[in-house]
Structure formats: structure tokens, C-alpha cells
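Residue strings, one per chain:
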Amino acid sequence: MNQKSDLEKYVEYGIAGVPEIKGSEKRYWLGEFRERVILALTFEQIYRKEALKVVEEKCKDKRVDKIILEDNVQSTVAEKFMELASKYDKDYKMIDTQNKLGEIALVLASNEAVDEKDVLIKQMPILPDIFYNAKNKKLCKKHMQMLKEEAPLFVDEFQEITFLDRVMGVKCGVCDKID
Ligand SMILES: [Zn+2]
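Residues numbered from 1 in each chain as written. Predicted model: local features only at pLDDT ≥ 70, side-chain atom pairs only at ≥ 80, totals over all residues. Heavy atoms only, no water.

- Looking at an unreviewed UniProt entry, the protein carries the name DUF1694 domain-containing protein, with the source organism given as Crassaminicella thermophila.

## Overview of the pattern of salt bridges
Where side chains of opposite charge bring their charged atoms close, a pairing between them can arise.
Point 1. Per the counting criterion, the structure on display carries 14 salt bridges.
Point 2. Here Glu-32 ties to Lys-66 by a salt bridge, and the two come within 3.2 Å at their closest N and O atoms. Linking Glu-32 in the loop between α2 (18-28) and β1 (37-42) with Lys-66 in strand β2 (residues 66-70), this pair joins segments that are 34 residues apart in sequence.
Point 3. A salt bridge links Asp-61 to Arg-63; the nearest nitrogen and oxygen atoms lie 2.7 Å apart. (Salt bridge = Lys/Arg side-chain N within 4 Å of Asp/Glu carboxyl O. Helix = DSSP H or I, 4+ residues; strand = E, 2+ residues; numbered from the N terminus.)

## Details of the side chain of Gln-45
Point 1. Relative to the helices and strands, Gln-45 is located in helix α3 (residues 43-46).
Point 2. In contact with Gln-45, not counting residues within four places along its chain, are Ala-40, Ala-51, Ile-121 and Met-124. (Contact = heavy atoms within 4.5 Å.)

## Some words on the coordination of the zinc ion
Point 1. With distances of 2.0 to 2.4 Å, the protein atoms coordinating the zinc ion are Cys-140 (SG), His-143 (ND1), Cys-172 (SG) and Cys-175 (SG).
Point 2. Coordination geometry of the zinc ion: the 4 donor atoms subtend angles of 101 to 115 degrees at the metal centre, consistent with an arrangement described as tetrahedral.
Point 3. Read from N- to C-terminus, the donor residues coordinating the zinc ion fall into the pattern C-x2-H-x28-C-x2-C. Here Cys-172 lies in the segment after α8 (163-168) and His-143 lies in helix α7 (residues 141-150), a separation of 29 residues in the sequence. Accessibility assignment for this pair places His-143 and Cys-172 in one class, buried. (Donors = N, O, S within 2.8 Å, 3.2 Å for Na, K, Ca; no water. Tetrahedral: all angles 85-135°; square planar, octahedral: opposite > 155°, others 65-115°. Buried < 20%, exposed > 50% of the residue type's maximum accessible area, 1.4 Å probe, protein only.)

## Looking at unusual backbone geometry
Point 1. Located in the positive-phi region is Asp-89, a residue other than glycine, with phi close to 60 degrees.
Point 2. Inspection of the secondary structure assignment puts Asp-89 in the loop between α5 (75-87) and β3 (91-95).
Point 3. The phi dihedral of Asp-115 is positive, around 50 degrees, even though this residue is not glycine.
Point 4. Here Asp-115 shows up in the loop between β4 (104-109) and α6 (129-132).
Point 5. Judged by relative accessible area, Asp-115 falls into the exposed class, the value being 56%.

Here it is as C-alpha cells:
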């Protein structure tokens, strides 16, 4: 057999300077080992209005134990994630990475190895402006349908106008129509 024992590997890694590699890996992932990371957002992504919703959905994943933010994230934005941590009972901390290795602004991590494959979001889900600027959270049939097709992640933030709403004169937050 050609397989090396754990001890041999350990010795080899030791020579190759694994502690160094692990150190930079941890700086990149805001103090975590990559194997514990479940989701990470870049600075560009965290300032998008959809970021909070994306992170909140992921917080429902029981493996997530903590939310970590890079120290340079604007405090008004950081506060929202702090509230999220408290709502979902996750630990929250801010890390000053100093040696900036990446553009990572936020990490959701487990306390143990989870080996999640895709932790970076290539394409952030987008909530079209018409919904973001809606006057209220009630939608006519047409706009609810549009929301389901274009931004399914956000469907639970809105409701379709009901019979009772109609009686009460509630109008669609997007188009002002009643059905
Ligand atoms: Zn409408």
C-alpha cells in the first residue's frame, strides 16, 4: 500500500508550513476554517438591499452557529445583522482581519466542519424595484404572480389581496389596483 499514515502526512505538512496556510485561510474566512463556513458574502453583496433576506433564509439552517462580520462593514448595516443573530439565537461577532486577503464581509459558520461546497453566491437574488418600493405588502394577482416568478425568495414578505382586503379597500402596493 502506498497510503501514508497520518503521522507521515502530519510531518510532511509540518515541513510545508501548514500552520501558515491555515492561518491565511482563517483570515480569509473571517477567523474561521473554510470547512466550517456555510455562507459568505462579499462587501459588494452585503450592501445590496437583498442581503439581509438572503442571510435570514440561511439562518434557518440549524448548522449555522454564528454570524461574523468584518470590522469595516458600515455600522448601520452591521446592526441589522446583529438583530438577525439575536432573532435566530446565533452568536455574533466582528472581526478585524487587518491583513485583508479577500473581499469577504460576512460569514455564516458552524462550530464544526460541514464541508459546504458552494459558500459564495455567484448571483444575488434580486427583488425588482417595483416590489422594493411598494407602498404596502399587499399585491394584486398579477403582481403576486410576477413576484413568484421573478423573486420567489421574497414571496413570504408579501400577501395577495384577499376578499376581505377588497371589502376594506386595500389596494395593490405596486399598481394601486384591487385585483
Ligand atoms: Zn398590482
